[in-house]
Amino acid sequence: MARTGVPRDAAWARLALLALTAGALVPLAAAGPRSVLWVLLGLAGLALAAMGLWWTLAHSGTVRLLGAALCVAAPLTVLALYAAGGMLGPAVASLALWALAVGAARTALAPATAEPEHAPRPVRPWALMNPRSGGGKVDRFRLADRARAAGVRVTLLGPGHQDVAALAEDAVRDGADLLAVAGGDGTQALVAEVAARHHLPFLVVPAGTRNHFALDLGLDRDDPAKALDALTDGVELRVDLGFAAGRVFVNNASFGTYAEVVGDPAYRDEKRRTALRMMPGLLSGPSAPRLRMLADGTRADGLQALLVSNNPYLRAVDASRPGRRERLDSGRLGVLGVRVEGAVRAAGMARGPRAAGLLRLTAGEVVVEADTAAVPAGVDGEHVLLPAPVVCRIAPGALRVRVPRDAVRTRRGGGAPDWLRVARLALGRRGSVPRRSRP
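The shown structure was predicted, so the numbers you read here are calculated from the model rather than taken from an experiment.

1. Here's the deal with the packing of aromatic side chains
- Summed over the entire model, instances satisfying the criterion amount to 1 aromatic pair.
- With centroids separated by 5.2 Å and ring planes inclined at 75°, the aromatic side chains of W38 and Y82 adopt a geometry described as edge-to-face. Of the two residues, W38 is situated in helix α2 (residues 35-58) and Y82 in helix α3 (residues 61-84); the sequence distance between them amounts to 44 residues. Taken individually, W38 and Y82 each receive the classification buried, so the pair is uniform in this respect.
- Positioned above the aromatic ring of F243, the side-chain terminus of R393 is 4.3 Å from the ring centre.

Okay, here's the thing in structure tokens:
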């Protein structure tokens, strides 16, 4: 990749700047000064699509149908105009170059990762497995049989409610020296808290539906059985745990709109239909949730949705698809608040992180306030009622996690790069770009 004598990260930084410059020059070469108008046309299409999405979610009947039509018509019209004007090819090429620039910049800025030490093999590992999680991944990948063959004592969750934390505590009393979970993020969080309390290593087997925690640990979600390699060729990481009113979470706690939808009994079987039915009342109805939040001195009022995460997400779409976390050991909560009061404000969301209706920050403690005695919340996807005010905090380095050695090599970050740091690195100013180790 790099010539002899050129540091690898500096070469990636120069490639990023070259691709970024080329991405800006392609439309200029194709349309000259008129390329600015084409960019504005694209932004207008995004804004109209955002307005259509607001009408689709916040209204019903004819307005919803018109909003859905606008969501489809706006981007298609922009594409048609680009094609008619001979700008579709240059636009695609420019976007491809910008994607290359972002990828190269992320590689250049990737923190230096010290090689973790090999973790000793556990003597009495224990695993809790949910056969119904993830559409039956435990049976489909023969996880129980493979774990038993590796010397793991396996407990299978049966139908009906079972006290997951109590089962983990029983395993500890029986002498378990490692706790593992093959199930969803909510189950993983409950067992992870027990592991942290007893200072035991914790192993994640990604057998749930989304497996956000496993994704950020670098685990292979397509083949959950590979996580069991950590028993024989594993390394140990120290990661943080989040708490909301004393309830643990490994990913996030969501308040407001998403939490209300998750709390509806019909949501588990009819997610999309339930969300569309409830959204108008939650976004623009008289009973729409309005939250108050205090995060390390920063106050926000009138929030419709609030996401508090165990370490910040580099981008956030919604609570069910919140993106990626570059680190799990920063000791900081991520905070994402949304306040959209109409179609015009919704159109402004096309600006992304700079949108007026979007609040993003990090904090050591977050207090969520409401006008009710209890606040609905989605904690790692599980609906709960928490007493108000809800205090969210983070426990730095509380959890010992075992992962396969290969997982450490495959983890990578995301999000918008710091282009000033990229430029400094490209110029060889390595002292301006601090390097740090991360799990």
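Moving on from the model shown.
2. Digging into the UniProt feature "transmembrane region" (unreviewed entry) in the chain
- The positions UniProt marks with the feature "transmembrane region" (unreviewed entry) are residues 12-30, 36-58 and 65-85.
- Regarding residues 12-30, the helix share stands at 100% and the strand share at 0%, and the terminal C-alpha atoms are separated by 27 Å.
- Taken end to end, residues 65-85 comprises 95% helix and 0% strand; its first and last C-alpha atoms sit 30 Å apart.

3. A few points about empty space enclosed by the protein
- If you walk through the whole model with that rule in mind, you get 1 cavity of 30 Å³ or more.
- The computed volume of the largest cavity comes to approximately 30 Å³.
- The wall of the largest cavity is formed by P125, W126, A127, A147, V152, L178, A180, L203, L228 and L231.
- Of all the secondary-structure elements, those providing two or more residues to the lining of the largest cavity are β1 (125-129) and β3 (178-183).
- In terms of residue count, the dominant contributor to the lining of the largest cavity is β1 (3 residues).

4. Re a nonpolar patch on the surface
- A contiguous nonpolar patch, built from V36, L37, V39, L40, L43 and L46 and spanning about 570 Å² of accessible area, is present on the exposed surface.
- On the secondary structure map, L40 appears in helix α2.

5. Things to note about the nonpolar core
- Core analysis: the largest hydrophobic core is formed by 36 residues, its most contacted members being L179, V191, F202, F213, L217 and L399.
- For this core, the secondary-structure elements that each account for two or more residues are β1, α7 (164-173), β3, α8 (185-197), β4 (201-206), α9 (212-217), β5 (234-244) and β16 (390-404).
- If one sorts the elements of this core by residue count, α8 sits on top with 6 residues.
- Not counting residues within four places of it along the chain, the set of residues in contact with L179 comprises W126, A168, A171, V172, V191, V194, A195, L200, P201, F202 and L203.

6. Details of the pairing of strand β13 (residues 365-369)
- For strand β8 (residues 291-295) and β13, the ladder comprises 4 bridges, and the chain directions are antiparallel. In the strand pairing of β13, R292 is matched with E369.
- Sheet topology places β13 next to β16; 4 bridges connect them, and they run antiparallel. When the bridges of β16 are listed, V368 appears paired with V390.

7. Re helix α4 (residues 88-109)
- For α4, with 22 residues, the first-to-last C-alpha span of 32 Å sits near the 32 Å given by 1.5 Å per residue.
- All buried positions along α4 are accounted for by P90, A91, S94, A101, A104, A105, A108 and L109. Seen end-on, α4 carries its buried residues on one side only, within an arc spanning 155°. Of the residues in α4, the exposed ones pointing more than 90 degrees away from the buried face are V92 and L95.
- Along its buried surface, α4 packs onto α1 (8-31), α3 and α14 (419-426).

8. Focus on the sheet that holds strand β11 (residues 333-338)
- On the basis of which strands lie adjacent, the open sheet formed by 6 strands has the order β12-β11-β10-β7-β14-β15 and antiparallel pairing. A strand with exactly one partner marks an edge of an open sheet, and here the two such strands are β12 (358-363) and β15 (382-387). Here the strands of the sheet are splayed against their neighbours by 25° on average, with no regard to which way each runs.
- Of the strand pairs in this sheet, strand β7 (residues 252-256) and strand β10 (residues 305-310) are connected by 5 bridges, and their pairing is antiparallel. Residue pairing in the sheet places S254 in a bridge with L307 of β10.

9. Examining the side chain of N310
- Mapped onto the secondary structure, N310 falls in strand β10.
- A polar contact is formed between the side chain of N310 and the backbone oxygen of D240, at a distance of 2.9 Å.
- Within polar-contact distance, the side chain of N310 engages the side chain of N311 at 3.1 Å.
- Not counting chain neighbours up to four residues away, the residues in contact with N310 comprise D240, L241, G242, F249, V250, N251, R325, L328, R332 and I394.

Rules used throughout
- Residues numbered from 1 in each chain as written.
- Predicted model: local features only at pLDDT ≥ 70, side-chain atom pairs only at ≥ 80, totals over all residues.
- Heavy atoms only, no water.
- Phe/Tyr/Trp six-rings, centres within 6.5 Å; stacked < 30°, edge-to-face > 60°.
- Helix = DSSP H or I, 4+ residues; strand = E, 2+ residues; numbered from the N terminus.
- Buried < 20%, exposed > 50% of the residue type's maximum accessible area, 1.4 Å probe, protein only.
- Lys NZ or Arg CZ within 6 Å of the ring centre and 35° of its normal.
- UniProt positions renumbered as here; feature names shortened; annotations may be inferred.
- 1 Å grid on protein atoms, 1.4 Å probe; cavity = no way out; pocket = protein on both sides within 12 Å on 5 of 7 lines; lining within 4 Å.
- Points joined across faces, edges and corners; volume = space filled by probe spheres on them.
- Patch = residues over 30% accessible without salt bridge, like charges linked within 9 Å, V, L, I, M, F, W, Y side chains within 5 Å.
- Areas by Shrake-Rupley, 256 points an atom, 1.4 Å probe, with all protein chains shown as cover.
- Salt bridge = Lys/Arg side-chain N within 4 Å of Asp/Glu carboxyl O.
- Core = buried A, V, L, I, M, F, W, Y, C linked by side-chain atoms within 4.5 Å.
- Contact = heavy atoms within 4.5 Å.
- Pairing = 2+ DSSP bridges.
- Expected span 1.5 Å × (residues − 1).
- Arc of directions from axis to C-beta.
- Axes fitted to C-alpha atoms, helices over the stretch in contact; angles between N-to-C directions.
- Polar contact = N/O pair within 3.5 Å; in protein donor to acceptor, adjacent residues only side chain to side chain.

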